[in-house]
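# Observations on the model geometry
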Amino acid sequence: LYLGLHDEAGERFSGLQHHPQVAARALTGQGVVALYSGDIDRSESLFRQASALEPEYARPRVALGAVAYLREDYEQAASLYEANRAFLPQGEQAWSWGSHALNNLGWAYIMLGRFEEADRVFGELQHYSSRQYPEPLVGLGWARLMLDDKRTARKYFEQALLISPGNDSALRGQTLSYRL
C-alpha cells in the first residue's frame, strides 16, 4: 500500500475480509486503498462497515476523520479525530496512521481559525514519532504565523526546510513571515 501498489494491496485485503477474526481490519485496509485511490465515497462505506463489524476497533473511526477532512468538512474531521484521540497509538517509530490523524487534526484547526488548538496539536505531533518529520514543524510555523508570532514561525519554517529543503508550504510560510 505504502509503495503505491494499490491494486495488489486491495486484492490482499479482499482475500482477508471473509475471515471473521480479521474482517474489520481487511475492510479498513480496503477503505485505505480506496482513500489513496481517490474513491472517498467507497472508503467511507468500507470504514463504516468495519466500524459496525468491530465497534471497538478505532482505526476505521479515525479514518472517517480523513474522509471528512478530504471533503473539507473540517468541523466534522476535528470532531471525529478528537473523539478518537485516546485510541491513537502513544507514539510511532515512523509516520503512520496516528501521525496522519494528528496532522489532519492540526490542519483542520487551522482551517477553522482555531490557531491555538492547532499549535497544541502540532506541538504534540512534533514529539509523537522517534524520527523528525517536516510536517509538524510546518504546522507549528503556520499556527504561530496566524497567532502573529512571526519570529517563532520563521524558526519552525527554517527547521522544516533543513529536513525538507523543497517543502512548498514551509517556503511560502517563511516568505510570508518576512512580508507581514
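Use the structure listed above.
Along every chain, residues carry numbers that run from 1 in the direction the sequence is written. Only residues with pLDDT of at least 70 are given local features in this predicted model, and only at 80 or more are side-chain atom pairs given and counted; all residues enter the totals for whole chains, interfaces and linings. Hydrogens and water are ignored here; the side-chain numbers use all heavy atoms of the structure.

### Some words on the packing of helix 5 (residues 74-84) against helix 6 (residues 97-111)
The convention used is that axes are lines fitted to C-alpha atoms, helices contributing only their stretch in contact, and that angles between N-to-C directions extend from 0 to 180 degrees. Each helix is a run of DSSP H or I of at least 4 residues and each strand a run of E of at least 2, with the numbering of both proceeding from the N terminus. Close contact between helix 5 and helix 6 brings their axes to 9 Å; oriented N to C, the two are set at 140°. One finds that helix 5 runs oblique with respect to helix 6. Helix 5 and helix 6 meet at a crossing whose hand is left-handed. Residue-level contacts link Tyr 74, Ala 78, Tyr 81 and Glu 82 of helix 5 to Ala 101, Asn 104, Leu 105, Ala 108, Tyr 109 and Met 111 of helix 6. Here the term charged refers only to Asp, Glu, Lys and Arg, the term nonpolar to Ala, Val, Leu, Ile, Met, Phe, Trp, Tyr, Cys and Pro, and the term polar to all other amino acids, Gly among them. Taken together, the residues of the contact of helix 5 with helix 6 sort by class into eight nonpolar, one polar and one charged. Roughly parallel means an angle under 35 degrees; roughly antiparallel, over 145; roughly perpendicular, 65 to 115; everything else is oblique. Here a crossing is taken to be left-handed if its near helix is turned anticlockwise relative to the far helix by less than a right angle, and right-handed if that turn runs clockwise. Two residues form a contact once any of their heavy atoms are found within 4.5 Å.

### Considering the side chain of Glu 92
Within the fold, Glu 92 resides in the loop between helix 5 and helix 6. Burial classification: accessible surface area is computed with a 1.4 Å probe over protein chains only, and a residue below 20% of its type maximum counts as buried, one above 50% as exposed, and the rest as partly exposed. His is not counted, nor are the chain ends; Lys and Arg add positive charge and Asp and Glu add negative charge. A side-chain nitrogen of Lys or Arg and a carboxyl oxygen of Asp or Glu constitute a salt bridge if their distance falls within 4 Å. One buried charge, Glu 92, has no salt-bridge partner; the nearest side chain with opposite charge is Arg 59, at 7.4 Å. Pairing of N or O atoms within 3.5 Å defines a polar contact, subject to two protein rules: one partner must be a possible hydrogen donor and the other a possible acceptor, and residues neighboring in sequence count only if both atoms are side-chain atoms. A polar contact of 2.3 Å, which involves the side chain of Glu 92, links it to the side chain of Ser 99. Not counting chain neighbours up to four residues away, the residues in contact with Glu 92 comprise Trp 97, Gly 98, Ser 99, Tyr 128, Ser 129 and Ser 130.

### Focus: helix 6
Its 15 residues place the ends of helix 6 21 Å apart at the C-alpha level, agreeing with the 21 Å of an ideal helix rising 1.5 Å per residue. A large share of helix 6 lies buried, amounting to 13 of its 15 residues. Note on helix 6: the residue one or two positions beyond its end, Gly 113, has a positive phi of about 75°. Working rule for helices: expected span equals 1.5 Å times residues minus one.

### Examining the pattern of salt bridges
Enumeration according to the criterion identifies 12 salt bridges in this entry. Of the charged contacts, one joins Arg 71 and Glu 44 as a salt bridge, the two residues approaching to 2.8 Å between their closest N and O atoms. Taken as a pair, Arg 71 in the loop between helix 4 (59-70) and helix 5 and Glu 44 in helix 3 (residues 40-53) lie far apart in primary sequence, 27 residues in all. Arg 71 gets classed as partly exposed once you look at its relative accessible area, which sits at 38%. Residues Lys 150 and Asp 148 are paired through a salt bridge, measuring 3.2 Å at the closest nitrogen-oxygen approach. Residue classification places Lys 150 among the partly exposed residues on the basis of a relative accessible area of 23%. The class of Asp 148 is exposed, set by a relative accessible area of 56%. Each of the salt bridges in this network shares a partner with another, and the network as a whole consists of Asp 41, Glu 44, Arg 48 and Arg 71.

### A word on the nonpolar core
Buried Ala, Val, Leu, Ile, Met, Phe, Trp, Tyr and Cys residues that are joined via side-chain atoms within 4.5 Å together make up what is termed a nonpolar core. Grouped together as the largest cluster of nonpolar side chains are 41 residues, with contacts concentrated most on Phe 47, Tyr 81, Leu 88, Trp 107, Ile 110, Phe 122 and Trp 142. The set of elements that each furnish at least two residues to this core consists of helix 2 (23-36), helix 4, helix 5, helix 6, helix 7 (115-126), helix 8 (134-146) and helix 9 (150-163). Considering each element in turn, this core owes the most residues, eight residues, to helix 6. Residues in contact with Tyr 81, not counting those within four places in the same chain, are Val 62, Gly 65, Ala 66, Ala 101, Asn 104 and Leu 105. Among the nonpolar cores identified, the runner-up in size contains six residues, and Leu 27, Ala 34, Ala 50 and Tyr 57 belong to it.

### Quick word on the packing of aromatic side chains
Aromatic pairing here means that ring centres of Phe, Tyr or Trp (its six-membered ring) are within 6.5 Å. Orientation follows from the plane angle: under 30 degrees is stacked, over 60 is edge-to-face, and everything else is tilted. All told, the structure shown has four aromatic pairs when counted by the stated rule. Centroid distance Trp 142 to Phe 157: 5.6 Å. Interplanar angle 75°. Geometry classified as edge-to-face. Of this pair, Trp 142 sits in helix 8 while Phe 157 sits in helix 9; the two residues are 15 residues apart in sequence, bridging distant segments of the chain. Taking relative accessible area as the criterion, Trp 142 reaches 14% and is therefore assigned buried. Phe 157 gets classed as buried once you look at its relative accessible area, which sits at 0%. We call a charge positioned over a ring when the NZ of a Lys or the CZ of an Arg lies within 6 Å of the ring centre and within 35 degrees of the ring normal. When the ring centre of Tyr 178 is taken as origin, the NZ or CZ atom of Arg 154, which lies over that ring, is 4.3 Å away. It is Lys 155 that lies over the ring of Tyr 156; its NZ or CZ is 4.7 Å from the centre.

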